[in-house]
Amino acid sequence: MPLPALTPADVLVVANRRVPVSMSIAEYYARRRGVPRAQVVAFPMPDSEEISREEFDRLVAAPIEDWLIRNRAAERILVIVTTLGVPLKIRGSEGMQGDRAAVDSELAAMYAFLHGTRYPLAGPWSNPYFQREVPFRHPDFPLYLVARLAAYTFADVRAMIDRASEARNRGIAVIDLRGGWPDEGEGWLRSAAARLPGQRVWLEESRIPASGARDVIAWASFGSNDPARRRRHPGFRFLPGALVTEFVSTDARTMREPPPGWDYGDWKRPETHFAGSPQALAADWIRYGATAATGHVYEPYLQFCPRPQILLPQYLAGRTLAESFYASIPAISWMNVLLGDPLCRLASQ
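Anyway, here's the lowdown on the structure attached to this text.

Reading the values: rules and limits
Residues numbered from 1 in each chain as written. Predicted model: local features only at pLDDT ≥ 70, side-chain atom pairs only at ≥ 80, totals over all residues. Heavy atoms only, no water. Helix = DSSP H or I, 4+ residues; strand = E, 2+ residues; numbered from the N terminus. Rg over C-alpha atoms; globule rule 2.2 N^0.38 Å. Buried < 20%, exposed > 50% of the residue type's maximum accessible area, 1.4 Å probe, protein only. Contact = heavy atoms within 4.5 Å. Areas by Shrake-Rupley, 256 points an atom, 1.4 Å probe, with all protein chains shown as cover. Lys, Arg positive; Asp, Glu negative; His and termini not counted. Charge placed at Lys NZ, Arg CZ, Asp CG, Glu CD. Polar contact = N/O pair within 3.5 Å; in protein donor to acceptor, adjacent residues only side chain to side chain. Phe/Tyr/Trp six-rings, centres within 6.5 Å; stacked < 30°, edge-to-face > 60°. Lys NZ or Arg CZ within 6 Å of the ring centre and 35° of its normal. Axes fitted to C-alpha atoms, helices over the stretch in contact; angles between N-to-C directions. Parallel < 35°, antiparallel > 145°, perpendicular 65-115°, else oblique. Left-handed = near helix turned anticlockwise from the far one by under 90°. Nonpolar A, V, L, I, M, F, W, Y, C, P; charged D, E, K, R; others polar. Core = buried A, V, L, I, M, F, W, Y, C linked by side-chain atoms within 4.5 Å.

Right, let's talk about the overall build of the protein for a bit. What the protein contains, in helices and strands, is 9 helices and 15 strands. The C-alpha radius of gyration of the protein comes to 19 Å, within 12% of the 20 Å expected for a compact globule of 349 residues. Expressed as lengths along the three principal axes of its C-alpha atoms, the size of the protein is roughly 55 × 50 × 35 Å. The buried share of the protein, reckoned over its 349 residues, is 61%. Considering only contacts within the protein whose residues lie at least 6 apart along the sequence, 76% involve residues at least 24 apart. When the accessible surface of the protein is split by element, carbon and sulfur atoms take 51% of a total near 13500 Å². Positive and negative side-chain charges in the protein, numbering 41 and 38 respectively, have mean positions lying 4 Å apart.

Right, dumping it as C-alpha cells:
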C-alpha cells in the first residue's frame, strides 16, 4: 500500500512582491496545483540572489514567521515553496563551520526556531528526517520541507510545473560513475544502482560519460566534476517527472542564464567561469527537460550532498519529491537547494 502523500493543503507558496516573475510563478503554480489562495503570499524582499544574514532575518524569515503565527499555521503547513526571484543564498563565512547558507535550507530550520529551539548558525544542523521512510508530518519532524520553483525563465519553470503534473513511473535511471575513482560518492552511486530494479538502471562504469540516453526518469552523477565530462548537454531525453542529482559544489549558485556558448571551465582559468565558478548549473537540467534537480549554493562538502542511494529508490517507489529529497540529505541550515514541485510523485502506470 503506498504511503500517504503531501497535498496542496500542506503548502505555503512564497513570492517576492518586487519581482514580477516571482509573482507569476506563484500564481501559476497555485492555480495548477490547487493550493488554497490564502496560502499564496508575497512580501517585498531584496531583488538580489545573494543577501546578508540581517536581510534574510528581517525581510525573508520574519514575514514568513509572522504569517505562520498570525494564521496559526506553523503546524499544518508542512511545505514551503519559494519562487524564482526570492533571494537564493545568504553570504557569510566559508568552511565547515561557516555561517553562509541557502535561503531555502534556513527556512527548513524555521519550524524548530518557531518552537523555541536555538541552533548555531555556524556549520550544518542535523536533519531529523534524514533516512526516514515514513510520511512527513508535524510535530514528529521539526522542520519544513522547502522546494524552489526556479530556473532561468518563467517558461522553464512553467514547463517544470506542467511536467510534474504529468509524471509517471516509467523509464530508466542513469547512474554515471567517474570510473576509477573509488571514493565514497562512487560507492553511494553503486549502492543506488543496486537498490533499484535492474531492468530500470543504466550503470555507466567506464570513464566515458553516459550520453544519448532515452526515456530517462533519473540521473545521478558527478556532473562537471567528472574530468571526462566537458559538455553541458549530455543528449538525454528526459521523461516527465525526471530528477537529476549531482555531486557538484556550486550548481545552484545562480538562476541567471549563462551566455550562449558557455561550457564547463577550469578553476585555474577565471575567464572560463560563470557566476564565480566553472561548474555545472542545476537550472540547465530544467531547460533540458528534467522536472527536478538538486543543487548547492556554496561548497557543501561531499558528506552533505544528497545520498542517491536514498533519493532515487524513494522517489522511484512513488514518494513525493520533497519527502524523497529531505530523507536523502543529512543536514539543514546548510547549502542544499531542491528545484522542482515538492508534490511531484511518479504515478503508477
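And the narrative resumes.
Another aspect to go through is the side chain of Thr320. As for its position among the elements, Thr320 is in the loop between helix H8 (308-316) and helix H9 (321-328). The class of Thr320 is buried, set by a relative accessible area of 1%. Here the side chain of Thr320 touches Glu323 through a polar contact of 2.7 Å, side chain to side chain. Residues within four places of Thr320 in sequence aside, it is in contact with Ala5, Leu6, Pro342, Leu343, Cys344 and Arg345.

Quick look at the packing of aromatic side chains now. Scanning the model with the defined rule gives 15 aromatic pairs in all. Geometrically, the ring pair formed by Tyr129 and Phe141 is edge-to-face, given 4.8 Å between the ring centres and 75 degrees between the ring planes. In this pair, Tyr129 is assigned in the loop between strand S7 (125-126) and strand S8 (145-149) and Phe141 in the loop between S7 and S8, connecting sequence segments 12 residues apart. Take Phe141: its relative accessible area is 4%, and that puts it in the buried class. Ring centres 6.0 Å apart and planes at 20 degrees place the aromatic pair Phe136 and Phe141 in the stacked group. Classification of Phe136 by relative accessible area gives buried; the value is 4%. In this structure, Arg178 is placed above the aromatic ring of Phe222, and the distance from its NZ or CZ to the ring centre is 3.9 Å.

Packing of helix H1 (residues 20-33) against helix H5 (residues 154-165) leaves a shortest axis separation of 10 Å and a crossing angle of 15 degrees. Classified by the angle their axes make, H1 and H5 are roughly parallel. Along this stretch, H1 crosses H5, giving a crossing that reads as right-handed. On H5, the residues touching Val21, Ser24, Ile25, Tyr28, Tyr29, Arg32 and Arg33 of H1 are Phe154, Val157, Arg158, Ile161, Asp162, Ala164 and Ser165. Partitioning the contact of H1 with H5 into residue classes produces 8 nonpolar, 2 polar and 4 charged.

The biggest cluster of nonpolar side chains holds 129 residues, and the ones touching the most others in it are Tyr29, Ile64, Leu68, Tyr144, Phe238, Trp285 and Tyr326. For Tyr29, the contacting residues outside a window of four places in its chain are Val11, Val13, Gly34, Val35, Val81, Leu149, Ile161, Asp341, Pro342 and Leu343.

Let's shift gears to unusual backbone geometry. A cis amide bond links His138 to the next residue, Pro139, at an omega of 0 degrees. With respect to the helices, strands and loops of the structure, Pro139 is situated in the loop between S7 and S8. Notably, Tyr301 is not glycine yet its phi reads approximately 70 degrees, a positive angle. Mapped onto the elements of the fold, Tyr301 is located in the loop between strand S13 (292-296) and H8. The partly exposed category is assigned to Tyr301, whose relative accessible area is 28%. One non-glycine residue, Ser333, adopts positive backbone phi at about 55 degrees. Topologically, Ser333 is positioned in the loop between strand S14 (331-332) and strand S15 (336-339).

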